[in-house]
Each structure stands twice: as C-alpha cells, then as structure tokens.
Amino acid sequence: MQKSRISPQFGSREHAFTVLSGEGMMISTKEHGTLFDAVAGYWYNILGMRHPELLDIKRKIGGTATHLYEEYTNPFAEELAESICQRTSMSQLLFSATGSMACENARKEAVKYFQAKGKTEEELVFAIKQKIELAKSNGKTIAGFFYEPIMGVRGSVPLPEKYITGIAEICRQNDILLIADEVTTGIGRAGKFFYSGSFNIKPDILCFGKAISAGHYPVAVTLFNEKIIDAWNKLEERGIPYSKIHRRGNSITGTQEGCALGLKVLEILERDNLIEQVNERGKYALEKLKKIEKYSDVREIRGTGLLIGIDIASSDLAKKTVTVKMRERGINILPEGRVIMFNPAYVISEEQIDNFVNTLSEVLPH
Ligand SMILES: Cc1ncc(COP(=O)(O)O)c(C=O)c1O
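Residues numbered from 1 in each chain as written. Predicted model: local features only at pLDDT ≥ 70, side-chain atom pairs only at ≥ 80, totals over all residues.

## Structural notes on the overall build of the protein chain
Part 1: Helices and strands together make up the secondary structure of the protein chain, namely twelve helices and 14 strands.
Part 2: At 22 Å, the protein chain has a C-alpha radius of gyration in line with the 21 Å of a compact globule built from 366 residues.
Part 3: Seen through its C-alpha atoms, the protein chain measures out along the principal axes to roughly 65 × 50 × 45 Å.
Part 4: Sorting the 366 residues of the protein chain into buried and exposed places 43% on the buried side. (Helix = DSSP H or I, 4+ residues; strand = E, 2+ residues; numbered from the N terminus. Rg over C-alpha atoms; globule rule 2.2 N^0.38 Å. Buried ≥ 20, exposed ≤ 12 C-beta atoms within 10 Å, placed from the backbone.)

## Points about the domain arrangement of the protein chain
Part 1: Each assigned domain of the protein chain is listed with its residue range as follows: domain 1 (19-50 + 273-363) and domain 2 (62-271).
Part 2: For domain 1 versus domain 2, the separation of C-alpha centres amounts to 29 Å.
Part 3: Counting residues at the interface gives 26 residues for domain 1, matched by 22 residues for domain 2.
Part 4: Per-element accounting of the side of domain 1 that touches domain 2 gives the leading share, five residues, to helix 10 (residues 274-289). (Domains from an automatic or database assignment. Contact = placed C-beta atoms within 7 Å.)

## Digging into the site of the ligand
Part 1: What surrounds the ligand is the set Thr98, Gly99, Ser100, Cys103, Glu148, Gly152, Val153, Asp181, Val183, Thr184 and Gly209.
Part 2: Ranked by residues supplied to the shell around the ligand, first place goes to helix 4 (residues 99-116) with three residues. (Near = placed C-beta within 6 Å.)

## Describing the environment of Asn273
Part 1: Relative to the helices and strands, Asn273 is located in the loop between helix 9 (256-271) and helix 10.
Part 2: Residue class for Asn273 comes out exposed when judged on the 10 C-beta atoms lying within 10 Å of it.
Part 3: When the C-alpha positions of Asn273 and Gln352 are compared, they lie 19 Å apart, and in sequence the two are 79 residues distant.

## Re the packing of helix 3 (residues 75-88) against helix 9
Part 1: Contact geometry of helix 3 with helix 9 gives a least axis separation of 8 Å together with a crossing angle of 40°. Accordingly, the angle class assigned to the pair helix 3 and helix 9 is oblique. Between helix 3 and helix 9 lies a crossing of left-handed hand. Residue-level contacts link Phe76, Ala77, Glu79, Leu80 and Ser83 of helix 3 to Gln256, Cys259, Ala260, Gly262, Leu263 and Leu266 of helix 9. (Axes fitted to C-alpha atoms, helices over the stretch in contact; angles between N-to-C directions. Parallel < 35°, antiparallel > 145°, perpendicular 65-115°, else oblique. Left-handed = near helix turned anticlockwise from the far one by under 90°.)

## Overview of the nonpolar core
Part 1: Counting 99 residues, the largest nonpolar core has Leu93, Ala102, Ile205, Phe208, Val221 and Ile340 as its most contacted members.
Part 2: Counting residues per element, this core draws most heavily on helix 4, which supplies seven residues.
Part 3: Residue-level mapping places this core at the junction of two domains, with at least three residues from each of domain 1 (19-50 + 273-363) and domain 2 (62-271).
Part 4: Ignoring any residue separated from it by four or fewer positions in sequence, one finds Ile205 in contact with Ala106, Glu109, Ala110, Leu177, Ile179, Thr222, Leu223, Phe224 and Ile228. (Core = buried A, V, L, I, M, F, W, Y, C linked by C-beta atoms within 7 Å.)

## Description of the sheet that holds strand 1 (residues 19-23)
Part 1: The strand order 1-2-3-13 describes an open sheet built from four strands, whose pairing is mixed. Both outer strands of the open sheet, strand 1 and strand 13 (331-332), are each paired with one neighbouring strand and no more.
Part 2: As paired elements, strand 3 (residues 33-37) and strand 13 share two bridges and run parallel to each other. The residue bridging Phe36 from the neighbouring strand is Ile331, located in strand 13. (Pairing = 2+ DSSP bridges.)

## Topic: the confidence of the model for the protein chain
Part 1: Taken residue by residue, the protein chain gives an average pLDDT of 92. The fraction at 70 or more is 97%.
Part 2: For residues 123-127, every residue scores under 50 in pLDDT, and the model assigns this stretch 13 contacts once sequence neighbours within four places are set aside. (pLDDT = per-residue confidence, 0-100.)

## Re helix 4
Part 1: Its 18 residues give helix 4 an end-to-end C-alpha distance of 26 Å, which sits within 8% of 26 Å, the value for a rise of 1.5 Å per residue.
Part 2: Among all positions in helix 4, only Gly99, Met101, Ala102, Cys103, Asn105, Ala106, Glu109, Ala110, Tyr113 and Phe114 are buried.
Part 3: Positive phi shows up at Gly118, right after helix 4, with a value of about 85°. (Expected span 1.5 Å × (residues − 1).)

## Digging into unusual backbone geometry
Part 1: At Ser89, a position not held by glycine, the phi torsion is positive, near 55°.
Part 2: Summarising the element assignment, Ser89 is placed in the loop between helix 3 and strand 4 (92-96).
Part 3: Residues other than glycine seldom take positive phi values, yet Asp175 does so here, at roughly 50°.

## Notes on the sheet that holds strand 14 (residues 339-342)
Part 1: With antiparallel pairing, the three strands of this open sheet are ordered in space as 11-12-14. Strand pairing shows two members of the sheet lacking a second neighbour, strand 11 (298-304) and strand 14, which therefore form its edges. When the angles between neighbouring strand axes are averaged without regard to direction, this sheet yields 15°.
Part 2: Sheet topology note: the strand 11/strand 12 (residues 307-312) ladder contains six bridges and is antiparallel. From the neighbouring strand, Thr304 faces strand 12, where its bridge partner is Leu307.
Part 3: Of the strands in this sheet, strand 11, strand 12 and strand 14 are in contact with helix 10, which crosses strand 11 at around 165°.

Written out as structure tokens, the structure is:
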C-alpha cells in the first residue's frame, strides 16, 4: 500500500483498509468486499448510512450554513435546541460539531461558573475526596467532575450506581459541578434518551455528540441547567459585558443542515419507537451471546442497550485474529483493546444479530 499521509489517530494503521462507500448497515471496501458494519461507523450511524429521509433533507437544504453566534439564528437550530432541552430537562444548549468540542465547552463553562462565585484560580482535577482536600489546601477549586455513565471506549463498562451517587453527593457537598459526558451513551445508544438520567442524580452540564445526526453531519451539543445560567447572570450583574461572558462558539455549528438532520433523527427515533427497540435488541443480543460465555477466551460479556462489549483474553487475539477472521466472513468490527464491541445501528434486525453472534462464535477459539 502506498504510504499514507494521514497521521495515525489511534495506534498503528498497518491494517487500514479502504472504505469506498456505505449503504444502510453495509460498507463497500477495496480489500474485503462488502462488510456488515457491527460498529455503525464509530457508533454514530444509528439509522444506517445514506438514510433516505436524511438524504432528502440534505437534498433540500444541504450546504446551507450561516453562522450561529451573535447576529444569527435559524429555525432548525432553535427547534432542535428546544427539543433536546425538553427531553433532558436542561435549560439551554450550545452547539458544536464533535464530542470533544462539546466536552471542552463543558469544561470552559464549569470554570466560568466558579469565576461567577469570585474565585480566580481554577484547576480541574478528576476528583475524589482526597483530591478535593488537596486542592482546597492549595487554595484551588475543583470546578467539575466529568463522568461517562457507561464507559464506551473502555469496552462498555458501566459506572457502579453506588460510585456515581457517592461522587454526586461529594460534589454536592463541595459545590462541584457534575458533568455527564454522554457523547457515546446519549440519544438512545444505551436504551434511554440519555443515560445519566437513570441514576438518582441530575447533571449540571450534559454533552451529546455522535448519534445526534446519525452520522450524516457533525453535530454535538453541550447542555446547561439553571445553576449555570444563574452564574452567567451573576457575571452580567457584576458589569461584565455579555460578549466577554459568552466568548465561545465554534465555526460551522448549529447550521441549518446539521440541525434539520438532527430534528429528523429525533422524529424517526420517536416515530419508529427506536429507543425501545435498542433495549429489546440489546437484550436479545446479550441472550444470544450467552452461547460464547463459556469459551475459555471469553472473560466477560456486558452491555446496556446496543452498547455491548465482549471482553476476551487479549488485545492481540481481538485485533490480529478475531477482527481479521470476522472481516473475512463479511463483518466489520473495531475492538477497544481486548473488547470486541458490538455497537450496531439501532435498526439492526434479530437475523443480523444472529449472524453476528454465530460468526463470532465460529472465529473465537474454544
Ligand atoms: C465518551 C466520549 N466522549 C467524547 C468523545 C469525543 O468525541 P468526538 O470523537 O466526536 O470528538 C468520544 C469519542 O469516542 C467518547 O466516546
């Protein structure tokens, strides 16, 4: 293969293959022919690729992108913001394009929240009690605690409920903001519109990305509750100009195209009852996967909704053997370390799940 000028994003690219096109849940590749994509791109093609209704939106308003901040707004952005805020009981949101941007915007706003309280020196540390004490004794403030309710990239690892409610209590006592990173779990992937709502806690800031526009456009959002908005108001009362408080925002975000796609995705999820279907299909897949539970190379199978991880003996086995053999048999997977991820589009059928499980059971040593 000709040497690529694309810098590695996530480890070695020696096994990189060329995806020529995608249609529904299938990708057409130069090296492996047509493959069923068991990871929905990277977990975001929740309705499959080139979805007809989304392509229709693109045909009608694709390429329309006016700026969002200060002077502009647009009806699609307003409606999508309203719709997501209602579904999460949050007060406002800020558009961006990727999960990283959404989380970075969350971090900035958490720091600002403490500026509003008159604190000047801020430092974010991933806190538990000792770190809070350490920060305090050094005259520093912890602005926020980021948590992912189910760690996707670690291989679908849920946070124990006691841990997250314990952390939430410590945060409450110490006035530390709770920031939920639901870039992976949000918009239905884990079987609920957003997953942090299923614990008995409420995040102050909430981040979504990936699934919002079903892979048809980069869209992400950072949502804020009233506590954050009060802090902005306090800054304004102190005479700080609005333009200094809200000096943020990213280019080509909140666009007509991205937001119209986001609205259509929400409509389809609701109309076709797809989040409920994610729950059902997830349970079905876990039930079917029981047949490989006893394989000597399988450590654990875990999952919530369609965020499923099959934890096996080693990353070498996952990458060099299982992935290669799965692709030879027509299924694309992208393991996270030693965890084979099964994060397909929400529209996956029971037959497609059966095919995935049967193929995996053939290629896994046992
Ligand atoms: C939990 C979580 N947060 C943030 C990100 C970053 O999102 P993006 O790749 O869209 O920047 C990811 C990406 O996988 C993620 O899984």
